[in-house]
Amino acid sequence: MTLKDNQGLDAIDRKLLGLLSEDAEQSYATLGDKVGLSAPAVHERVKRYKATGRISSVTAQLDPTMTGKPFLAFLHVDTTGWGKSAAMMELRDLPELEEIHSVTGDTCMLLKVRMQDSKAMEALLKRLYDMPDVVSTKTYVALSTYLERPVQAGITDF
């Protein structure tokens, strides 16, 4: 019997999910060779991951520079009330907005944006300040990115 962790995953599940997060286009046979399972067994596990929501979608990772969005920034947005307002959530329709988080600390919301340049950032800041609940912002522009990746399957035992 294979040991499962608190999330219902065994060591093969974690390894397989990790391999899929690195390259979801690998064949089931290739994945099977890497984890010691047959291609049909890998296929069944992947079907189960999708059915249970462990794999929520399979997407292409776009090159930001090649898509005209080399400017990466993180915005701390402070608001008068709880940050998740209808106006704030309408920002999700902007293709430049990659993430919206409600956070603790000295700010309410954390936004991750990727855009063309500082002029585009200025336009976004204007849009934010036009919202009645926005009190202040702090912008952190990324100069270099050393690690950026999707959710990883592994868990470190600290």
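Now for a description of the structure that goes with this document. From a predicted model like this one, the values you see are computed outputs, not experimental measurements.

## Considering the pattern of salt bridges
Part 1: Within this structure, the stated rule accounts for 11 salt bridges.
Part 2: Its salt-bridge partner being Asp 10, residue Arg 45 comes within 3.2 Å of it at the nearest N-O pair. Of this pair, Arg 45 sits in helix α3 (residues 39-52) while Asp 10 sits in the segment before α1 (11-22); the two residues are 35 residues apart in sequence, bridging distant segments of the chain.
Part 3: Judged by relative accessible area, which is 15%, Arg 45 ranks as buried.
Part 4: For Lys 112, the salt bridge identified is with Glu 98, shortest N-O distance 3.5 Å. Here Glu 98 lies in strand β2 (residues 97-102) and Lys 112 lies in strand β3 (residues 109-115), a separation of 14 residues in the sequence.
Part 5: On the basis of relative accessible area, Lys 112 is assigned to the buried category, the value being 9%.
Part 6: Classification of Glu 98 by relative accessible area gives partly exposed; the value is 39%.

## Notes on α1
Part 1: Spanning 12 residues, α1 covers 17 Å between terminal C-alpha atoms, matching the ideal 16 Å at 1.5 Å per step.
Part 2: Taken together, the buried positions of α1 are occupied by Asp 13, Arg 14, Leu 16, Leu 17, Gly 18, Leu 19 and Leu 20.
Part 3: Buried residues along α1 sit in contact with α2 (28-35) and α3.
Part 4: Near the N-terminus of α1, the side chain that reaches the backbone nitrogen of Ile 12, with its oxygen 3.1 Å away, is that of Asp 10.

## With respect to α2
Part 1: Buried within α2 are the following residues: Leu 31, Gly 32 and Val 35. Down the axis, α2 shows its buried residues gathered within 100° of arc, on one side only.
Part 2: Residues of α2 that are buried sit in contact with α1 and α3.
Part 3: Where α2 terminates, the next one or two residues include Gly 36, which has phi positive at roughly 80°.

## Quick word on the environment of Pro 64
Part 1: With respect to the element layout, Pro 64 can be found in the loop between α3 and β1 (71-79).
Part 2: Here Pro 64 falls in the partly exposed class, since its relative accessible area comes to 24%.
Part 3: Between the alpha carbons of Pro 64 and Met 131 there is a distance of 28 Å; along the sequence they are 67 residues apart.
Part 4: If near-sequence neighbours (up to four positions away) are discounted, Pro 64 is found in contact with Lys 69, Pro 70 and Arg 114.

## Focus: the packing of α2 against α3
Part 1: Running from N to C, α2 and α3 point in directions that differ by 100°, and their axes come no closer than 8 Å. Taken as axis vectors, α2 and α3 run roughly perpendicular relative to one another. Facing α2, whose interface residues are Tyr 28, Ala 29, Leu 31, Gly 32 and Val 35, α3 presents Ala 39, Val 42, His 43 and Val 46.
Part 2: Its residues placed into classes, the contact of α2 with α3 shows 7 nonpolar, 2 polar and no charged.

About the thresholds
- Every chain's residues receive numbers from 1 upward, in the order its sequence appears when written.
- At least 70 in pLDDT is required for a residue's local features to be given in this predicted model, at least 80 for side-chain atom pairs to be given and counted, and no such filter applies to totals for whole chains, interfaces and linings, which use all residues.
- By convention in this description, side-chain values take in all heavy atoms of the structure and omit both hydrogens and water.
- Here a salt bridge means any side-chain nitrogen of Lys or Arg lying within 4 Å of a carboxyl oxygen belonging to Asp or Glu.
- Each helix is a run of DSSP H or I of at least 4 residues and each strand a run of E of at least 2, with the numbering of both proceeding from the N terminus.
- Only protein chains enter the accessibility calculation, which uses a 1.4 Å probe; a residue whose area is less than 20% of its type maximum is buried, one above 50% is exposed, and one in between is partly exposed.
- What a helix is expected to span follows from its residue count: subtract one and scale by 1.5 Å.
- By definition, residues are in contact when any of their heavy atoms lie within 4.5 Å.
- Polar contacts, as counted here, are pairs of nitrogen or oxygen atoms within 3.5 Å of one another; within protein the pair requires one atom able to donate a hydrogen and one able to accept it, and residues that are adjacent in sequence qualify only if both atoms are side-chain atoms.
- To be clear, the arc concerns the directions from the helix axis to the C-beta atoms.
- Axes here mean lines fitted to C-alpha atoms, for a helix over just the part in contact, with angles spanning 0 to 180 degrees between N-to-C directions.
- Orientation labels follow simple angle bins: below 35 degrees gives roughly parallel, above 145 gives roughly antiparallel, 65 to 115 gives roughly perpendicular, and whatever is left gives oblique.
- Each residue is assigned to one of three groups, with Ala, Val, Leu, Ile, Met, Phe, Trp, Tyr, Cys and Pro labelled nonpolar, Asp, Glu, Lys and Arg labelled charged, and all others, Gly among them, labelled polar.

Read these as spatial facts, not as claims about activity.
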